[in-house]
Amino acid sequence: PQVLLLETGKRPEKGSRVTVITYSGKKQVIVLAEAATSEEDFFEIEPVDAVPMQPGSPVFDELWQVIGMVHSGNKVVSMAAVAQRLKQSRQEAEQL
């Protein structure tokens, strides 16, 4: 099966609102946050609520587009970086 990835390269601007859907215990929780810093493949967010975010939780922009996933703590890997790594892996596999 083929997987379609949206590779927008979009990273949130500092102070822009993002939403994280994660789990706290056995309950699904929506965490509102603001983008704090941005690097090449990662950006940091500052949660409005003091809820720990689970690795792998999706991060959405204001239009509910997935722009990243929680890596650890408040660090988020951008979906553009994930798409780029998958594309590189596929190209390397095709060369074998």
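Residues numbered from 1 in each chain as written. Predicted model: local features only at pLDDT ≥ 70, side-chain atom pairs only at ≥ 80, totals over all residues. Heavy atoms only, no water.

So, the overall build of the protein
The test is simple: A helix here means a DSSP run of H or I that spans at least four residues, while a strand means a run of E at least two residues long, and both kinds are numbered starting from the N terminus. Each residue is assigned to one of three classes by its accessible area relative to the maximum for its type, calculated with a 1.4 Å probe on protein chains only: buried under 20%, partly exposed between the two thresholds, exposed over 50%. We call two residues in contact whenever any of their non-hydrogen atoms come within 4.5 Å of each other. Using a 1.4 Å probe, accessible areas were evaluated by the Shrake-Rupley method; residue-level cover was limited to the displayed protein chains.
Regarding its fold elements, the protein presents one helix and six strands. Traced from its N-terminal end to its C-terminal end, the protein shows the element sequence β-β-β-β-β-β-α. For the protein, with 96 residues in total, the buried portion stands at 29%. Pairs at least 24 apart in sequence give 42% of the contacts found in the protein among residues at least 6 apart. Carbon and sulfur atoms provide 53% of the accessible area of the protein, an area that totals close to 6700 Å².

Points about the pairing of strand 5 (residues 66-72)
Under the convention used in this document: We call two strands paired when DSSP finds no fewer than two bridges between them.
Relative to strand 5, strand 4 (residues 58-60) is paired through three bridges, and the arrangement is antiparallel. Residue Pro-58 lies in a different strand from strand 5, and its bridge partner there is Met-69. Connecting strand 4 to the next strand, strand 5, in antiparallel fashion are five residues, including Trp-64 with a positive phi near 65 degrees. Pairing geometry for strand 5 and strand 6 (residues 75-78), over four bridges, is antiparallel. For Met-69, the partnering residue across the bridge sits in strand 6 and is Val-77. Hairpin connection of strand 5 to strand 6: two residues between the antiparallel strands, including Gly-73 at a positive phi of 55 degrees.

Regarding a nonpolar patch on the surface
To keep things clear, this is the line we draw: Residues enter patches when their relative accessible area tops 30% and they take part in no salt bridge; the joining distance is 9 Å for like charges and 5 Å for the nonpolar side chains Val, Leu, Ile, Met, Phe, Trp and Tyr. What counts as a salt bridge is simple: a side-chain nitrogen of Lys or Arg found within 4 Å of a carboxyl oxygen of Asp or Glu.
On the surface, a cluster of nonpolar side chains totalling about 260 Å² of accessible area is made up of Ile-30, Leu-32 and Val-48. Structurally, the position occupied by Val-48 is in the loop between strand 3 (42-47) and strand 4. The class for Val-48 is exposed, based on a relative accessible area of 51%.

Some words on the confidence of the model for the protein
Quick note on the threshold: A residue's pLDDT is simply how confident the predictor is in it, with values from 0 to 100.
When the pLDDT values of the protein are averaged, the result is 78; 86% of them are 70 or greater. In the model of the protein, strand 3 stands out as the element of lowest mean pLDDT, 79, in contrast to strand 4, which has the highest, 87. This model gives residues 1-6 a pLDDT under 50, and the stretch forms two contacts once residues within four places in sequence are excluded.

Looking at unusual backbone geometry
Its identity is not glycine, yet Trp-64 carries a phi of approximately 65 degrees, on the positive side. Tracing the backbone through its elements, the reader meets Trp-64 in the loop between strand 4 and strand 5.

Some words on helix 1 (residues 79-95)
The condition that has to hold: One less than the number of residues in a helix, times 1.5 Å, gives the span that helix is expected to have.
If you check helix 1, its first and last C-alpha atoms are 25 Å apart, about what 17 residues at 1.5 Å a residue would give, namely 24 Å. Those residues of helix 1 not exposed but buried are Ala-80, Ala-81, Val-82 and Ala-83. Where helix 1 is buried, its residues touch strand 5 and strand 6.

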